[in-house]
Amino acid sequence: VQVQTTRLRLQDWHGSITTFGSVEAAEEIQLSLDFPATVDEVLVDEGEPVEVGQLLISMEQEKPQLRSQQANEFALRSKAALDDAYLDLQRRRRLAEMETVSKEILDKAKLAVKSSEAAYRQSLAAKRLAEKELAESRITSPVVGVVDVRAVEKGQSVPAGSNLMTIQATRALQVKTWVSEKDVGLVGNGASARIELSSRPTNIFNGKVKSVGISAHPATGNFPVEVVIEDGDQLARPGMTAKVEIQGLTTPKVLLLPEAALVDRNRRRVVYVLQDDGFAREVEPLLNVGLSDQIVILSGLKAGDQLIVSNLEQVIDGSRVVARP
């Protein structure tokens, strides 16, 4: 049988992986308060764009204002008490120098100063806390983005720590995609990518792999990969679908089996090696997952083996073959 052959050699594989995913915000911000409050007004709705510093939610103002005034008056009284304690201590010291008061009275004056200092520090902390609550009762957007979730309504009482609103930051977008088990080992952080939005197929954007998941999805077995969009964020929007080509992938020094050399025989996947005596020898190699359209050889074949890649339907183990150039 006249056949064509190819000789196996160790080589570096270079290629890319194409996959699909959806655009999402690289940063998701949940707005909340660390104190209980009542919603006075919600100024934006879900899906609305927001700017940095834009007022989103106004909480009830009367109680925070009263607490701030009360804390400020307490701080003033504490400062006055501290000043009086200092003056009293100075008087006691002068009298002690003239030996007209006992050491016990002087020690009590010192303790009064320390107590007044502690009360003043406490009043300042309460004042800062009240001012913080008053300032935070008007909730503004920290980023340019889009309202994703509006979790509260006017008049609603919210406990401390509960989510009030979720914002997707639109200045930093990424594509969340999924890579198969056989390809995930090739992808690393920092790999370059080309991104094509389904809604704008003529626009190609640059991207970079931000992270590769360590756990596969239980239903599909695929691994999550996040690719940051480095340009074109004015055209991309969260929720859009995109095709991602992850580029610059390399695996060094592997034996790659061409698909043309592989054939089914009796429910086995085998290849035929042309021996030096001109006869074909059947080999069932141990193969790994594929790299693109080529298959990694784990064992059974070695560099230098000459594989038959044509007229395989006429070749069996022990066939006499002639290799054409």
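Treat the numbers as computed from the prediction; the structure is a model and nothing was measured.

### Remarks on the overall build of the protein
Across its full length, the protein holds two helices and 23 strands. Scaling as 2.2 N^0.38, a compact globule of 325 residues should have a C-alpha radius of gyration of about 20 Å, whereas the protein reaches 37 Å, well beyond that. Judged by the C-alpha coordinates and their principal axes, the protein covers about 125 × 55 × 30 Å. The buried share among the 325 residues of the protein stands at 35%.

### A closer look at the pairing of strand β7 (residues 55-59)
Across the five residues of β7, four count as buried, placing the element largely inside the fold. Alignment of strand β5 (residues 37-42) against β7, held across three bridges, turns out to be antiparallel. From the neighbouring strand, Glu 41 faces β7, where its bridge partner is Ser 58.

### Some words on the pattern of salt bridges
Where charged atoms of side chains with opposite charge meet at close range, the side chains can pair. Summed over the entire model, instances satisfying the criterion amount to 16 salt bridges. Residue Asp 88 is joined to Arg 91 by a salt bridge in which the shortest nitrogen-to-oxygen separation is 3.4 Å. Of the two residues, Asp 88 and Arg 91 both sit in helix α1 (residues 62-97), three residues apart, roughly one turn of that helix. Arg 92 is the salt-bridge partner of Asp 88, the closest N and O atoms lying 3.5 Å from each other. You can see Asp 88 and its partner Arg 92 sitting in helix α1, four residues apart, about one turn around the helix. Note on Asp 88: relative accessible area 22%, which makes it partly exposed.

### So, the nonpolar core
Of all hydrophobic cores here, the largest spans 28 residues; its most connected members are Val 23, Ile 195, Ile 229 and Ile 246. Contributing elements (two or more residues each) for this core: β3 (10-25), β12 (173-179), β13 (192-197), β14 (200-212), β15 (223-229) and β16 (241-257). Sorting elements by how many residues they give to this core places β16 first, with six residues. Excluding anything up to four places from it in sequence, Val 23 contacts Leu 173, Gln 174, Val 175, Leu 197, Ile 229, Ala 236, Arg 237, Pro 238, Gly 239, Met 240 and Ala 242.

### Digging into the sheet that holds strand β9 (residues 145-150)
Ordered by their spatial adjacency, four strands build an open sheet running β4-β11-β9-β6, and the pairing between neighbours is antiparallel. The sheet terminates laterally at β4 (28-32) and β6 (49-50), the two strands that pair on one side only.

### Regarding the environment of Phe 279
Relative to the elements of secondary structure, Phe 279 occurs in the loop between β18 (268-274) and β19 (280-283). The partly exposed category is assigned to Phe 279, whose relative accessible area is 31%. C-alpha of Phe 279 to C-alpha of Lys 154: the two residues are 125 residues apart in sequence and 86 Å apart in space. Ignoring any residue separated from it by four or fewer positions in sequence, one finds Phe 279 in contact with Val 273, Leu 274, Gly 318, Ser 319 and Arg 320.

### Brief notes about the packing of aromatic side chains
Applying the stated rule across the entire model yields zero aromatic pairs. One residue, Arg 320, lies across the ring of Phe 279, its end atom 5.1 Å from the ring centre.

### Description of the sheet that holds strand β10 (residues 157-158)
Read across the sheet, four strands follow the order β8-β7-β5-β10 without closing on themselves; strand pairing throughout is antiparallel. Looking at which strands have only one partner, the edges of the open sheet turn out to be β8 (138-140) and β10.

### Topic: helix α2 (residues 103-136)
An ideal rise of 1.5 Å per residue puts 50 Å on 34 residues; α2 measures up with 50 Å between its terminal C-alpha atoms. Within α2, the full set of buried residues consists of Leu 106, Ala 109, Val 113, Ser 116, Ser 123, Ala 130 and Glu 133. If you follow the buried residues of α2, they end up packed against α1.

### Remarks on the packing of α1 against α2
The interhelical angle for the contact between α1 and α2, taken along N-to-C directions, is 160°, at an axis separation of 8 Å. Looking at the two axes, α1 sits roughly antiparallel to α2. Regarding α1 and α2, the two cross each other, and that crossing is left-handed. Class assignment for the residues of the contact of α1 with α2 results in 21 nonpolar, six polar and ten charged.

### A few points about α1
Compared with an ideal rise of 1.5 Å per residue, which puts 36 residues at 52 Å, α1 spans 53 Å between its outermost C-alpha atoms and is within 8% of the ideal. Here α1 has its buried residues at Pro 64, Ser 68, Ala 71, Ala 75, Ser 78, Leu 82, Ala 85 and Leu 89. Looking one or two residues past α1, Glu 99 carries a phi angle of roughly 60°, positive in sign.

### Topic: the side chain of Thr 177
Of note, Thr 177 is situated in strand β12. A polar atom in the side chain of Thr 177 sits 2.9 Å from the side chain of Thr 19. Those residues in contact with Thr 177 that lie beyond four places of it in its chain are Thr 19, Phe 20, Gly 21, Phe 223, Pro 224 and Val 225.

The rules behind these values
Residues numbered from 1 in each chain as written. Predicted model: local features only at pLDDT ≥ 70, side-chain atom pairs only at ≥ 80, totals over all residues. Heavy atoms only, no water. Helix = DSSP H or I, 4+ residues; strand = E, 2+ residues; numbered from the N terminus. Rg over C-alpha atoms; globule rule 2.2 N^0.38 Å. Buried < 20%, exposed > 50% of the residue type's maximum accessible area, 1.4 Å probe, protein only. Pairing = 2+ DSSP bridges. Salt bridge = Lys/Arg side-chain N within 4 Å of Asp/Glu carboxyl O. Core = buried A, V, L, I, M, F, W, Y, C linked by side-chain atoms within 4.5 Å. Contact = heavy atoms within 4.5 Å. Phe/Tyr/Trp six-rings, centres within 6.5 Å; stacked < 30°, edge-to-face > 60°. Lys NZ or Arg CZ within 6 Å of the ring centre and 35° of its normal. Expected span 1.5 Å × (residues − 1). Axes fitted to C-alpha atoms, helices over the stretch in contact; angles between N-to-C directions. Parallel < 35°, antiparallel > 145°, perpendicular 65-115°, else oblique. Left-handed = near helix turned anticlockwise from the far one by under 90°. Nonpolar A, V, L, I, M, F, W, Y, C, P; charged D, E, K, R; others polar. Polar contact = N/O pair within 3.5 Å; in protein donor to acceptor, adjacent residues only side chain to side chain.

By themselves, these observations are geometric and do not establish any function.
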